[in-house]
Amino acid sequence: MKNALPNLLCLLAAGSLVPAAGHAQESARDQAAKPQVQTARPAAEPKTGRKAKNIILFLADAGGVPVLHGASLLGYGEPRRLGIQQWPYLGLSETSPVDAFVSDSANGMSSIVTGVKTRNGVISQGPDTVRGKQDGVPTKTVLEYAEQRGLLTGVVTTQSIADATPAANYAHSNDRKKWGEIFPQAFAPRFCDGVDVLFGAGRRKIGEQLAAAGTSFEQLGKTHGRPIHTTLAEIGAGEKRPVVVGDDMDARAATLKALDILQQSPKGYLLVVEWDAHTDDPRKGLQNVVDFDKLIAEVQARVDLDDTLLLFTADHSFGLQVDGGRRGEDLLAGYDAWKASPEKGDIVRLKNVLVNRTHTGEEVATLAIGAGAERVRGYFPNTYLFEVMMKAWGWAPDAAPAR
Ligand SMILES: [Zn+2]
């Protein structure tokens, strides 16, 4: 589906191919918010009206407000202790698909990165899609806009790299389950050379679906001159556009590696990092959020907030509630017994925590810091986050395609 004109534009947009020298990494440390500050509101009034060169979108999958609250209690024994909870800008993002109240990851992430709400199960195609049956109009993602304008782009996930949330950035499909069709789209982009850094899990299942589609990791890698590694350690020293699809993925190592590469971009970058935060297993889910938050603090210390926008949000919420507990006591009392029991129904009833193990419809928090962060406030549809990113870069979306 490539055509010559957009690719020529890509080359022009990319400008100098000489990487810029190490980019203002020190000044960021001075500006990084201190997660340890408990009682004070963010001290310095942040500058507003800055344009972003770089954007990093942190996506906690199923990490809604109650999950952030629970993670702070689990990790620190107190509410409001996460690093992201110190960020100056907060809004509530409404996640519903066009035809229902509760979102899955496909609609949730597609809406955020394309600015168009769609249907559950659909990967960055419009609401005219019939899931599994008929393609809708492909909706252009912020990653595609960034590629077209010569930025470097990366997608990192703890989950399968072909799963709905990462896929919504680089692929378009009428069904999130079509991994054999979704993953190869990373190598056949609609704009420029497509996603530059791709680190995720799901090797076995993607491999099976590629085989069913008559191809393989080896074949794809050969055809496109990009080996598809199984671990981060296999990445060669000079490799500028690495792809790693492992059995699992160390999100911290992957994110820091991606950042090292993307920060060489003279024109800026987009990095999307997904970390699973489903609390079907409450300890695992909440601990994931604690770990994600620590990683975000590390990333924050490596960027210059004068030209970088950091966004944290979720694609949809989840049915976790802290409905008991006392300071100094174990938040997850009763967890071990629940974990050991063979019967695990839809409801997890611990002493202090109730989990209805399903996605829920209420708004999720969006937190923001850095260039253009001030646009994140109030209640808004998740599609507004597309606008937040585009406006931070100072870009206007294409006119709607003729129908
Ligand atoms: Zn999700």
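Novice: What is the right way to look at the confidence of the model for the chain in this model?
Specialist: Interpretation of this model should avoid reading the predicted coordinates in detail wherever pLDDT is low. Taken residue by residue, the chain gives an average pLDDT of 91. The fraction at 70 or more is 88%. Here residues 16-38 scores under 50 on pLDDT; set against residues more than four positions off or in separate chains, the count is 35 contacts.

Novice: I tried to follow the coordination of the zinc ion on my own but got confused; where do I start?
Specialist: Around a metal, the perfect tetrahedron of four donors has angles of 109.5 degrees, and the perfect octahedron of six donors has angles of 90 or 180 degrees. Distances from the zinc ion to its protein donors, Asp61 (OD), Ser105 (OG), Asp315 (OD) and His316 (NE2), fall at 1.8 to 2.2 Å. Of note, the zinc ion draws all its donor residues from one chain, in the sequence arrangement D-x43-S-x209-D-H. Residue aspartate 61 is found in strand β1 (residues 54-61), and its partner serine 105 is found in helix α4 (residues 105-114); the two are separated by 44 residues along the sequence. For aspartate 61, a relative accessible area of 3% corresponds to the buried category. Given a relative accessible area of 6%, serine 105 falls into the buried group.

Novice: Help me understand the pairing of strand β7 (residues 269-276) in this model?
Specialist: Here is the key point about a regular strand: its side chains alternate between the two faces of the sheet. The element β7 is largely enclosed, with a buried count of eight among its eight residues. Judged by which residues are buried, β7 turns out to be covered on both faces: Tyr269, Leu271, Val273 and Trp275 on one side and Leu270, Val272, Glu274 and Asp276 on the other are all buried. The pairing of β1 with β7 spans seven bridges and is classified as parallel. Directly across from isoleucine 56, in β7, lies its bridge partner leucine 271. The sheet contact formed by strand β3 (residues 152-160) and β7 spans six bridges and is parallel. Each residue of the ladder has a partner; that of leucine 152, found in β7, is tyrosine 269.

Novice: Sorry, what's going on with the packing of helix α3 (residues 65-76) against helix α11 (residues 282-302) here?
Specialist: Following both chains from N to C, one finds α3 and α11 inclined at 85°, their axes separated by 8 Å at the closest point. Between α3 and α11, the angle falls in the class roughly perpendicular. Here Val67, Leu68, Gly70, Ala71, Leu74, Gly75 and Tyr76 of α3 lie close against α11, whose contacting residues are Arg283, Leu286, Gln287, Val289, Val290, Asp293 and Lys294. Across the contact of α3 with α11, the residue classes break down as eight nonpolar, three polar and three charged.

Novice: I would appreciate a short explanation of α4 in the present structure.
Specialist: With 10 of 10 residues buried, α4 lies mostly within the body of the structure. Buried residues of α4: Ser105, Ala106, Asn107, Gly108, Met109, Ser110, Ser111, Ile112, Val113 and Thr114, and no others. Following α4 by one or two positions, glycine 115 has its phi on the positive side, about 80°.

Novice: Please clarify how the packing of aromatic side chains should be interpreted in this entry.
Specialist: Each aromatic ring pair is summarised here by two numbers: the centre-to-centre distance and the angle between the ring planes. Scanning the entire structure with this criterion turns up nine aromatic pairs. Between the aromatic rings of phenylalanine 183 and phenylalanine 187, the centroid separation amounts to 5.5 Å while the plane-to-plane angle is 70°, which identifies the pairing as edge-to-face. For phenylalanine 187, a relative accessible area of 6% gives the class buried. Centre to centre, the rings of tyrosine 335 and tryptophan 338 are 5.7 Å apart; their planes meet at 45°, and the pair counts as tilted. Taken together, the positions of tyrosine 335 and tryptophan 338, both in helix α12 (residues 335-340) and three residues apart, correspond to about one turn of that helix. Under the relative-accessibility criterion, tryptophan 338 is labelled buried at 10%. In this structure, lysine 140 packs its charged tip against the face of tyrosine 145, placed 4.2 Å from the ring centre.

Novice: Whenever I open this one, the packing of helix α10 (residues 251-262) against α11 confuses me. Can you help?
Specialist: Helix packing for two helices is described by the angle between their axes and how far apart those axes are. Between α10 and α11, whose axes approach to 10 Å, the crossing angle comes to 15°. As summarised for this structure, α10 and α11 are arranged roughly parallel, according to the angle between their axes. Taken as a pair, α10 and α11 cross one another with a handedness that is right-handed. Across the interface between the two elements, Ala251, Arg252, Thr255, Leu256, Leu259 and Asp260 of α10 pack against Leu295, Glu298, Val299 and Arg302 of α11. Partitioned by chemical class, the residues of the contact of α10 with α11 number five nonpolar, one polar and four charged.

Novice: Sorry if this is basic, but what is going on with the side chain of aspartate 175 here?
Specialist: Tracing the chain through its elements places aspartate 175 in the loop between α6 (164-170) and α7 (179-182). The exposure class of aspartate 175 is buried, given its relative accessible area of 12%. Only 3.4 Å separates the side chain of aspartate 175 from the side chain of arginine 131, close enough to count as a polar contact. Those residues in contact with aspartate 175 that sit more than four places away from it in its chain are Gly121, Arg131, Gly132 and Ile182.

Novice: Explanation requested: the sheet that holds strand β8 (residues 308-313) in the structure shown.
Specialist: Think of a sheet as strands paired side by side through backbone hydrogen bonds, with each pair either parallel or antiparallel. Across the sheet, which stays open at both edges, the 10 strands sit in the order β5-β6-β4-β3-β7-β1-β8-β12-β2-β13 with mixed pairing between neighbours. The open sheet has two free edges, formed respectively by β5 (228-229) and β13 (378-381), since each of these has just one partner strand. Direction of pairing for strand β2 (residues 89-94) relative to β13: parallel, over a ladder of four bridges. The residue bridging glutamate 94 from the neighbouring strand is proline 381, located in β13.

The rules behind these values
- Per chain, residues are indexed from 1 in the order of the written sequence.
- Totals for whole chains, interfaces and linings use all residues, but because this is a predicted model, local features are given only for residues with pLDDT of at least 70 and pairs of side-chain atoms are given and counted only at 80 or more.
- Only hydrogens and water are removed before side-chain values are computed, so all heavy atoms of the structure are retained for them.
- The quantity known as pLDDT measures the predictor's confidence residue by residue, on a range of 0 to 100.
- Note on contacts: a residue pair qualifies if any of its non-hydrogen atoms lie within 4.5 Å across the two residues.
- Because water is not among the atoms used, a metal site may look incomplete, as its donors are only the N, O and S atoms within 2.8 Å, or 3.2 Å for Na, K and Ca.
- Under the scheme used here, helices are H or I runs from DSSP no shorter than 4 residues and strands are E runs no shorter than 2 residues, and both carry numbers assigned from the N terminus.
- Residue exposure (1.4 Å probe, protein chains only): buried if accessible area is under 20% of the type maximum, exposed if over 50%, otherwise partly exposed.
- Pairing between strands requires that DSSP locate at least two bridges from one strand to the other.
- Simply put, an axis is a line fit to the C-alpha atoms, just over the touching stretch for a helix, and the angle between two N-to-C directions goes from 0 to 180 degrees.
- Working rule for angles: under 35 degrees goes down as roughly parallel, over 145 as roughly antiparallel, 65 to 115 as roughly perpendicular, anything else as oblique.
- Residues are grouped as follows: nonpolar covers Ala, Val, Leu, Ile, Met, Phe, Trp, Tyr, Cys and Pro; charged covers Asp, Glu, Lys and Arg; every other residue, Gly included, is treated as polar.
- Within 6.5 Å between ring centres, the rings of Phe, Tyr and Trp (the latter by its six-membered ring) count as paired, and their orientation is classed by plane angle as stacked under 30 degrees, edge-to-face over 60, tilted in between.
- We call a charge positioned above a ring when the Lys NZ or Arg CZ atom is no farther than 6 Å from the ring centre and deviates by at most 35 degrees from the ring normal.
- Left-handed describes a crossing in which the near helix is turned anticlockwise from the far one by less than a right angle; the clockwise case is right-handed.
- The definition of a polar contact used here is a pair of N or O atoms within 3.5 Å, where within protein one atom must be able to donate a hydrogen and the other to accept one, and adjacent residues in sequence count solely through side-chain atom pairs.

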